[in-house]
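Residues per chain, in single letters:
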Amino acid sequence: MKNNELETKSELQDESLFNSTVGRRSFLQYAGASAAGIALVAAGCKKDRGYPDLSTGATLDFKDDFGVLNYAYALEQLEAAFYVKVASAPPASFTAAQKAYFQDIQFHEIAHREFFKAALSTAAIGSLEVDFSSIDFTSASSVLGAAMAFEDLGVAAYNGAGPRIKSGTYLLLAGKIVSVEARHAAYVRDLISNGSFADLNSLTSLGANNAGGLDGALTPDKVLAIAGKYIKTKINVINL
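Residues numbered from 1 in each chain as written. Predicted model: local features only at pLDDT ≥ 70, side-chain atom pairs only at ≥ 80, totals over all residues. Heavy atoms only, no water.

Caption draft 1: Highlighting the overall build of the protein. Secondary structure assignment for the protein yields 8 helices and 2 strands. The order of α-helices and β-strands along the protein, N terminus first, is α-α-α-β-α-α-α-α-α-β. Long-range pairs, those at least 24 residues apart, make up 79% of the contacts in the protein with a sequence separation of at least 6. Surface exposure of the protein reaches about 11500 Å², of which carbon and sulfur atoms provide 54%. (Helix = DSSP H or I, 4+ residues; strand = E, 2+ residues; numbered from the N terminus. Contact = heavy atoms within 4.5 Å. Areas by Shrake-Rupley, 256 points an atom, 1.4 Å probe, with all protein chains shown as cover.)

Here you go:
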């Protein structure tokens, strides 16, 4: 499929998915499934019918938009898997408000993941195997620290990949998604340290520029090197 076909598919799918409020109710309407079907989507659908077997690894080919979209799909898989796990069994010390917000973030990330999966169709890399062994899901501080790391990295990843997107339609969608990721990052940062939601000085390692009021931006190779700690599936990168 060429880029113009990709854009046509996007025009048919993007607005219906993202123009409405992406919360628990709207996502379930988008999924349009029974309770069993919703559970399958939330779990990540490890054996996706018609999608590649990743037992020998996944390849991200950045020669065109497919590579960038698969890159975003890989990162959204990671985030969705993390939030599904947290939402299913939050730390005991989480407040009712924190539990509710993490539920909402979970469905945002699932919606992002499912959008890329649908848009890529058979060009999608398939489901990645994650490794969260370094995270203590019973500890609020461990969960919040991991959430902050994922969200900050996600923002830097979208910003860094933006220049590689050739389709104006997909560039617009990336902007819509990264702004949501930034909202997540600000919320989590404020939970950890009240008032730190806009602390760009702490993000210089991700390319942020506080004097210029600019958030972080990292190239895919740097993002994947950091994210690799949480991904068991081997990621091969070509034409970067």
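Caption draft 2: View of the pattern of salt bridges. Applying the stated criterion across every chain, the model contains 3 salt bridges. Arg 113 is the partner of Glu 114 in a salt bridge, and the nearest nitrogen-oxygen pair spans 2.9 Å. For the pair Glu 114 and Arg 113, a shared accessibility class is recorded, and that class is buried. Measuring nitrogen to oxygen at the nearest pair gives 3.0 Å for the salt bridge that ties Arg 189 to Asp 152. Residue Arg 189 is located in helix α7 (residues 168-192), and its partner Asp 152 is located in helix α6 (residues 140-161); the two are separated by 37 residues in the primary sequence. Using a relative accessible area of 8% as the deciding quantity, one classes Arg 189 as buried. (Salt bridge = Lys/Arg side-chain N within 4 Å of Asp/Glu carboxyl O. Buried < 20%, exposed > 50% of the residue type's maximum accessible area, 1.4 Å probe, protein only.)

Caption draft 3: Structural context of helix α5 (residues 96-120). Helix length check: α5, at 25 residues, gives a terminal C-alpha distance of 37 Å against a target of 36 Å (1.5 Å per residue), a fit within 8%. Following α5 by one or two positions, Ser 121 has its phi on the positive side, about 55 degrees. (Expected span 1.5 Å × (residues − 1).)

Caption draft 4: Spotlight on the packing of helix α4 (residues 65-88) against helix α8 (residues 220-227). For the pair α4 and α8, interaxial distance at closest approach is 12 Å and the crossing angle is 25 degrees. With respect to α8, the element α4 is oriented roughly parallel. Judged by the sense of rotation from one axis to the other, the crossing of α4 with α8 is left-handed. Between α4, through Tyr 71, Leu 75 and Leu 78, and α8, the contact on the second element is made entirely by Pro 220, Val 223, Leu 224 and Ala 227. (Axes fitted to C-alpha atoms, helices over the stretch in contact; angles between N-to-C directions. Parallel < 35°, antiparallel > 145°, perpendicular 65-115°, else oblique. Left-handed = near helix turned anticlockwise from the far one by under 90°.)

Caption draft 5: Here's a closer look at the nonpolar core. Of all hydrophobic cores here, the largest spans 57 residues; its most connected members are Tyr 71, Phe 82, Phe 102, Phe 116, Phe 132, Ile 135 and Phe 150. Going through the elements one at a time, β1 (58-61), α4, α5, α6, α7 and α8 are the ones with two or more residues in this core. Setting aside residues up to four positions removed in sequence, Phe 102 forms contacts with Tyr 83, Val 86, Ala 87, Phe 94, Val 143, Leu 144, Ala 147, Tyr 187, Val 188 and Leu 191. (Core = buried A, V, L, I, M, F, W, Y, C linked by side-chain atoms within 4.5 Å.)

Caption draft 6: A look at the side chain of Ser 196. Considering the arrangement of structural elements, one finds Ser 196 in the loop between α7 and α8. Given a relative accessible area of 13%, Ser 196 falls into the buried group. A polar atom in the side chain of Ser 196 sits 2.6 Å from the backbone oxygen of Ser 193. With residues near it in sequence (within four places) discarded, Ser 196 still touches Arg 189 and Asp 190. (Polar contact = N/O pair within 3.5 Å; in protein donor to acceptor, adjacent residues only side chain to side chain.)

Caption draft 7: Examining the packing of aromatic side chains more closely. Going through the model one piece at a time under the given rule, you end up with 14 aromatic pairs. Both rings, one in Phe 132 and one in Tyr 230, keep their centres 6.5 Å apart while their planes meet at 50 degrees; by these two values the pair is tilted. Linking Phe 132 in the loop between α5 and α6 with Tyr 230 in the loop between α8 and β2 (235-238), this pair joins segments that are 98 residues apart in sequence. On the basis of relative accessibility, which here comes to 10%, the residue Phe 132 falls in the buried class. Each residue in the set Phe 82, Tyr 83, Phe 94, Phe 102, Phe 132, Phe 137, Phe 150 and Tyr 230 is aromatic and connected to the rest through ring pairs, giving one cluster. Across from the ring centre of Phe 137, 5.1 Å away, lies the NZ or CZ of Lys 85, which sits over that ring. The ring of Phe 62 has Arg 164 sitting right over it, with the charged end atom 5.9 Å from the ring centre. (Phe/Tyr/Trp six-rings, centres within 6.5 Å; stacked < 30°, edge-to-face > 60°. Lys NZ or Arg CZ within 6 Å of the ring centre and 35° of its normal.)

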